[in-house]
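Remarks on the overall topology
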Amino acid sequence: IRYTEGEGWHDAKVTARQPLTLDPASSVLHYGQEIFEGMKAYRIAGGGVATFRPEANARRFRESAARMAMADLPEALFVEAVDQLVKIDSEWVPSGDGQSLYLRPFMIANEVFLGVKPASEYLFMVIACPVGAYFGKGCVSVWVSEDYTRAAPGGTGAAKCGGNYAGSLVAQAESKKHGCDQVLFLDSREQRFVEEMGGMNVMFVRDDNTLVTPPLTGTILPGITRDSIIRLAIQKGMKVEEAAVDIDELFQGAASGRYKEAFACGTAAVLSPIGTLRRAGGVATFGDGETPGAVSVALKKALTDIQTGRSNDQQNWVHHIL
Ligand code: PMP
């Protein structure tokens, strides 16, 4: 779908995937006005295909657009575009355990203009690709980055814009060099409080049956999986604290057993238990470091059962398309 200042959103069409033609002076290529979303379509037990809370992605997309001074895309148009693509590509929605059709709605600024200003022309597109589980079974290992941060107060951390990910790649590469699967970022002011991972939010389970996760202070992405897990945990009778997590206390708490479990959560990763956290000065191990903890397993099951229609969708989260 195209946007121009005069006409608004227009020219919606579904085409076979093909290369894009862009003028070399297109604003996205120079000033990074680009935002995106990540969603999944699942096969539903008993038949059908559905996405999960698409209106939440549509809302976050509008918020990202506002932060990046981009055109406002109505939520209904966002959801309709995704639905249409899923309908056309429904044969590509896989049916195995943990499998889904990954959906990537995104918007770029394509005004041909080299001055620094918000563009007046945009393109909104959705592409799709079948995917399996992001991580294998078992636990992931995570490197705590002390050299890089992901976002600063007043910055773009809460927006899902490409530049945030460009800035995180060097830290992700650093985590691989240390033999870890993922990177964990700390706050940019004190390098002391846990923020989030390269493409996931992070949560911890304390020994008093409390789920602890960093608060939404504007420097982390407000994950839809994060929000869903918080609600499911409350339903299960857990306490939930959205509170700053001091990295030193976390390492000490893992050693003493105060922090029993840790996991990453997001659309791609769903819920991935963390076995070890590593940093320059040491290692924190959750449980035996290899076996997913009971709370992580239960929360993951509760979430994926809803997403795939195996349990009752009391919250009205499942958006049936076919
Ligand atoms: N943080 C970051 C940096 C992410 O890229 C993602 C994935 N979108 C998340 C958190 C989790 O968000 P969600 O649960 O909406 O996928």
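About the cut-offs
Along each chain, residue indices are assigned from 1 in the same order as the chain's sequence is written. Confidence filtering applies because this is a predicted model: local features only for residues at pLDDT of at least 70, side-chain atom pairs given and counted only at 80 or more, and all residues used for totals across whole chains, interfaces and linings. UniProt positions are given in the numbering used here, feature names are shortened, and annotations may be inferred rather than shown by experiment. Think of it as a crowd count around each C-beta: if 20 or more other C-beta atoms lie within 10 Å the residue is buried, if 12 or fewer it is exposed, and in between it is partly exposed, with C-beta placed from the backbone throughout. The helix and strand labels rest on DSSP assignments: H or I over at least four residues marks a helix, E over at least two residues marks a strand, and numbering proceeds from the N terminus. At least two bridges found by DSSP between two strands is the condition for calling them paired. Each nonpolar core comprises buried Ala, Val, Leu, Ile, Met, Phe, Trp, Tyr and Cys residues, the members being joined through C-beta atoms within 7 Å. Contact between two residues is assigned when their C-beta atoms, built from the backbone, lie within 7 Å. Here, nearness is defined through the C-beta atom: a residue counts as near a molecule or strand if that backbone-placed atom lies within 6 Å of it. Asp, Glu, Lys and Arg are counted as charged, while Ala, Val, Leu, Ile, Met, Phe, Trp, Tyr, Cys and Pro are counted as nonpolar; the rest, among them Gly, fall into the polar class.

Per an unreviewed UniProt entry, the recorded name for the chain is Probable branched-chain-amino-acid aminotransferase, and the organism is Neoasaia chiangmaiensis. Taken from UniProt, the Sequence similarities (unreviewed entry) comment for the chain reads in full: "Belongs to the class-IV pyridoxal-phosphate-dependent aminotransferase family." Per UniProt, the chain carries the Cofactor (unreviewed entry) text "pyridoxal 5'-phosphate".

Some thoughts on the pairing of strand β4 (residues 39-43)
β4 sits mainly inside the fold: four of its five residues count as buried. Of the pairings in the sheet, the one linking β4 to strand β6 (residues 100-109) comprises three bridges and is antiparallel in character. Among the inter-strand pairings, Met-39 is bridged to a residue of β6, identified as Leu-103. In terms of strand pairing, β4 meets strand β5 (residues 49-52) through three bridges, oriented antiparallel. Bridging from a neighbouring strand, Tyr-42 pairs with Ala-50 of β5. Counted along the chain from β4 to the antiparallel partner β5, the turn is five residues long, and its residue Gly-46 has a positive phi close to 90°.

Overview of the nonpolar core
Core analysis: the largest hydrophobic core is formed by 45 residues, its most contacted members being Leu-184, Ile-229, Ala-264 and Ile-274. It is strand β14 (residues 259-266) that provides the largest number of residues to this core, a total of five residues. Those residues in contact with Ile-274, other than ones at most four positions away along the chain, are Cys-139, Val-140, Val-142, Ala-262, Phe-263, Ala-264 and Phe-286. In terms of nonpolar packing, the next biggest core, distinct from the first, is built from 34 residues, Ala-71, Leu-73, Val-86 and Phe-124 among them.

Topic: the site of the ligand
Around the ligand, the structure places Gly-38, Glu-196, Gly-199, Met-200, Asn-201, Leu-221, Gly-223, Ile-224, Thr-225, Arg-226, Gly-266 and Thr-267. Tallying contributions element by element places helix α5 (residues 224-235) first for the shell around the ligand, with three residues. Within the shell around the ligand, the residues separate by chemical class into three nonpolar, seven polar and two charged.

Topic: unusual backbone geometry
Residues apart from glycine generally show negative phi values, whereas peptide bonds are mostly found in trans. In this structure, Val-270 is a non-glycine residue whose phi angle is positive, near 50°. Following the sequence through the fold, Val-270 ends up in strand β15 (residues 270-279). The class of Val-270 is buried, set by 22 C-beta atoms lying within 10 Å. For Asn-316, which is not a glycine, the phi torsion comes out positive at approximately 65°.

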